[in-house]
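Inside the fold
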Amino acid sequence: MRQAVYKILIIDSDPHYGSVLANLLNRAGKRRYTARPIFNIKDLMPYLTGEEQPDLVILEQNFPLTEAAKAELATLNCLEKVQRASIHQRGQLVQGMKAGQILHEVELALRRAAPGGVSAKPLILVHSFSARLRYQWLTNFVRQQKAFGQPVYYFPILAGYHLSLPVEFSPGPELSSLLLLLSTGASPTYQGFGPCFEFQKGDYYALRLGGGSEDLTLAGNSVRAQLLFLFKKFIRSRGESSVGLVELGDLPLGNIAELAAFADIFVAEVPKGRDYAARQAQKEMRQITNALPDQVLFWELDPYNLPLAKHRAARRARQ
């Protein structure tokens, strides 16, 4: 996997402080961080709404934020209460939080997740060559999360008649409305996902597809990527420890590789056979998993081994 380089945004109204802290992190990180200071709202918003979002935001406690900026920051890993440090004339942090403390807080924030590096609000993409195995894994996973009391938001990227989980919908906002916005060149917000989900008898939320199910499978991968980007922000914005669960249908493996990069966890079947088809599938999956960013965990799909259970149990034991 590629070595992770974490993008850090420093939001501070004091240009000197922000610049010194950015230089400190860039030096100390040894190419592990790329820190950038931002001093005003106008420069901030493009970083919060664009696809190249920061992995961590260090925010001055009294920085004047608009409501739009607050809403976007709610979806990010943010050190909103970092203790304000004073800067010596030569650029040393001499009061408040020392340099070592800041670096420690940054590392903790980048790992602010369940044990093992899993986000408390993970986006999980699931792919299998076998519809039966995919059904078994999804069913068992939803049952597991129900036992832990974790809300699951189910987003299938496949035709409505191929869904693994049972769904029934009443009239309401649908995925097709988001697709329509994208087709007109508009930019839907992650908040638009909320009304499109409906609670199901199986104790999970499912996305109303409407006429958008087949449209989504036929759309370009850039459209699917935009929706996954917004869906991930939506999951991060939930007040509780929610899970975003994406079922991937019969897409080209190149497309699946691109979408998997958006995930916190990529779950995929690796066929065990030795015939030609199995060997080709094994080769393709190796290429996909080797290309995953370092931040994305890979789990081999096994309906009877759900690693997230261990992370949830460890998290509860620590609380």
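Below or above, wherever it landed, is the structure these notes cover.

Criteria and thresholds
Residues numbered from 1 in each chain as written. Predicted model: local features only at pLDDT ≥ 70, side-chain atom pairs only at ≥ 80, totals over all residues. Heavy atoms only, no water. Helix = DSSP H or I, 4+ residues; strand = E, 2+ residues; numbered from the N terminus. Buried < 20%, exposed > 50% of the residue type's maximum accessible area, 1.4 Å probe, protein only. Polar contact = N/O pair within 3.5 Å; in protein donor to acceptor, adjacent residues only side chain to side chain. Contact = heavy atoms within 4.5 Å. Axes fitted to C-alpha atoms, helices over the stretch in contact; angles between N-to-C directions. Parallel < 35°, antiparallel > 145°, perpendicular 65-115°, else oblique. Left-handed = near helix turned anticlockwise from the far one by under 90°. Nonpolar A, V, L, I, M, F, W, Y, C, P; charged D, E, K, R; others polar. Salt bridge = Lys/Arg side-chain N within 4 Å of Asp/Glu carboxyl O.

Here Arg134 shows up in helix H5 (residues 131–148). Under the relative-accessibility criterion, Arg134 is labelled buried at 8%. Of note is the side chain of Arg134, whose polar atom sits 2.7 Å from the side chain of Glu247. In contact with Arg134, other than residues within four places in its own chain, are Val126, Ser128, Leu158, Ser164, Glu247 and Leu248.

Another point: the packing of helix H8 (residues 221–237) against helix H9 (residues 253–260). For the pair H8 and H9, the least separation of the axes is 10 Å and the interaxial angle reads 25 degrees. On the basis of the axis angle, H8 is roughly parallel to H9. Crossing geometry of H8 relative to H9 is assigned as right-handed. Residues Asn221, Arg224, Ala225 and Leu228 of H8 pack against Asn255, Glu258 and Leu259 of H9. Its residues assigned to classes, the contact of H8 with H9 comprises 3 nonpolar, 2 polar and 2 charged.

Turning to the pattern of salt bridges, a few remarks are in order. Close approach of charged atoms allows side chains of opposite charge to pair. Per the stated rule, a full pass over the model turns up 6 salt bridges. A salt bridge links Glu247 to Arg134; the shortest N-O distance between them is 2.7 Å. Taken together, the residues Glu247 in strand S11 (residues 243–248) and Arg134 in helix H5 connect sequence positions 113 residues apart. We note that Glu247, like Arg134, is buried. In this structure, Lys272 engages Glu300 in a salt bridge whose closest nitrogen and oxygen atoms are separated by 2.5 Å. A residue pair is termed long-range when its members are at least 10 positions apart, and Lys272 in the loop between strand S12 (265–268) and helix H10 (276–291) and Glu300 in strand S13 (residues 297–300) qualify at 28 residues. Because the salt bridges share partners, they merge into one network encompassing Lys232, Arg236 and Asp264.

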